[in-house]
Amino acid sequence: MLFWILIGLVIIQRLVELRVAKRNEQKLKSRGAFEAGASHYPYMVAMHTGFFIFLIAEVLLTDRSLSPVWPVLLAIFLAMQVMRVWCLASLGEFWNTKIIILPGANVVKRGPYKWLRHPNYVIVTTELLVLPLIFQAYLTAILFMALNAWMLSVRIPAEERALREVTDYTERFGPGNSRTS
């Protein structure tokens, strides 16, 4: 029962976030923003969709019980949800699932972005590990940690390159640092 409640809530959360992202994208593009790194975005969507499919399949096919440490894992997962909301609120209209760059914009340097270069990616990585572990879905955890590492190795450089080219990124953080989602 916990599985279906948690998975259902996370899927609803992601769908709401996609609506927010689409609205933010439209607002920013109306002000001259553009999408960077678009070629990898369909792979990222496929990876995140696949995560839920694999997780559901593994949990149903293996019929494992909850992890003995599930309360700790659930607490970590819930803490990540609070952090996720903090990231979204800190970026405001600049938050997106795509890399949407507004030329001339100031790079965000508030909220968790004061301390971490990519807090949202840290959160997503933690979620992709912890959520399967709550239900002892070890194959899903291993597979999607590897896929996520590959995805971030493409996405983060694309995002930082776009920020360096048309925002105050270099001026504010130097050539090797950024504060993005």
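These numbers were taken from a predicted model, which means no experiment stands behind them. (Residues numbered from 1 in each chain as written. Predicted model: local features only at pLDDT ≥ 70, side-chain atom pairs only at ≥ 80, totals over all residues. Heavy atoms only, no water.)

What about a nonpolar patch on the surface?
So, point 1. On the surface, a cluster of nonpolar side chains totalling about 330 Å² of accessible area is made up of Ile53, Phe54, Leu143 and Leu147.
So, point 2. Of all the secondary-structure elements, those providing two or more residues to the nonpolar patch are helix 2 (41-62) and helix 5 (138-166).
So, point 3. Counting through the fold element by element, Phe54 comes out in helix 2. (Patch = residues over 30% accessible without salt bridge, like charges linked within 9 Å, V, L, I, M, F, W, Y side chains within 5 Å. Areas by Shrake-Rupley, 256 points an atom, 1.4 Å probe, with all protein chains shown as cover. Salt bridge = Lys/Arg side-chain N within 4 Å of Asp/Glu carboxyl O. Helix = DSSP H or I, 4+ residues; strand = E, 2+ residues; numbered from the N terminus.)

Details of the environment of Gly92
So, point 1. By secondary structure assignment, the location of Gly92 is in the loop between helix 3 (70-91) and strand 2 (99-101).
So, point 2. Separated by 58 residues in sequence, Gly92 and Phe34 place their C-alpha atoms 17 Å apart.

A few points about unusual backbone geometry
For residues other than glycine, phi is negative in most cases, and the peptide bonds are mostly trans.
So, point 1. Even without a glycine there, the phi angle at Asp63 is positive, about 50°.
So, point 2. Topologically, Asp63 is positioned in the loop between helix 2 and helix 3.
So, point 3. The phi angle at Gln136 is positive, at roughly 55°, despite the residue not being glycine.
So, point 4. Its place among the elements puts Gln136 in the loop between helix 4 (119-134) and helix 5.

What about the pattern of salt bridges?
So, point 1. Taken as a whole and assessed by the stated rule, the structure comprises 9 salt bridges.
So, point 2. Taking the shortest distance from any N to any O, the salt bridge between Glu25 and Lys22 comes out at 3.8 Å. Here the residue Glu25 and the residue Lys22 both occupy positions in helix 1 (residues 2-30), the gap between them amounting to 3 residues, near one helical turn.
So, point 3. On the accessibility criterion, Lys22 (42% relative accessible area) is partly exposed.
So, point 4. Via salt bridges that share partners, Arg14, Glu17, Arg84 and Glu127 belong to a single interconnected network. (Buried < 20%, exposed > 50% of the residue type's maximum accessible area, 1.4 Å probe, protein only.)

Things to note about the environment of Ala158
So, point 1. Position of Ala158 among the secondary structure elements: in helix 5.
So, point 2. The spacing of Ala158 and Gly37 is 121 residues in sequence and 5.7 Å in space, taken between C-alpha atoms.
So, point 3. Contact partners of Ala158, with chain neighbours within four places excluded, come to Gly37, His40 and Ile99. (Contact = heavy atoms within 4.5 Å.)

Remarks on the packing of aromatic side chains
So, point 1. Inspection of the entire model under this criterion finds 6 aromatic pairs.
So, point 2. Pairing Phe51 with Phe52 gives two aromatic rings, centres 5.3 Å apart and planes at 75°, and the pair type is edge-to-face.
So, point 3. On the basis of relative accessibility, which here comes to 4%, the residue Phe51 falls in the buried class.
So, point 4. Ring geometry for Phe51 and Phe144: centres 5.6 Å apart, planes at 80°, overall edge-to-face. Residue Phe51 is located in helix 2, and its partner Phe144 is located in helix 5; the two are separated by 93 residues in the primary sequence. Side by side, Phe51 and Phe144 carry an identical accessibility label, which is buried.
So, point 5. Ring pairing ties together the aromatic residues Phe51, Phe52, Phe54 and Phe144, which thus form one cluster.
So, point 6. Over the ring of Tyr41 we find Lys98; its NZ or CZ atom is 5.5 Å from the centre of that ring. (Phe/Tyr/Trp six-rings, centres within 6.5 Å; stacked < 30°, edge-to-face > 60°. Lys NZ or Arg CZ within 6 Å of the ring centre and 35° of its normal.)

Details of the nonpolar core
As a rule of thumb, soluble globular proteins bury nonpolar side chains together.
So, point 1. The biggest cluster of nonpolar side chains holds 23 residues, and the ones touching the most others in it are Leu6, Phe51, Leu55, Phe77, Leu131, Ile134 and Phe135.
So, point 2. Of all the elements in the fold, those that place two or more residues in this core are helix 1, helix 2, helix 3, helix 4 and helix 5.
So, point 3. It is helix 2 that contributes the most residues to this core, 7 residues altogether. (Core = buried A, V, L, I, M, F, W, Y, C linked by side-chain atoms within 4.5 Å.)

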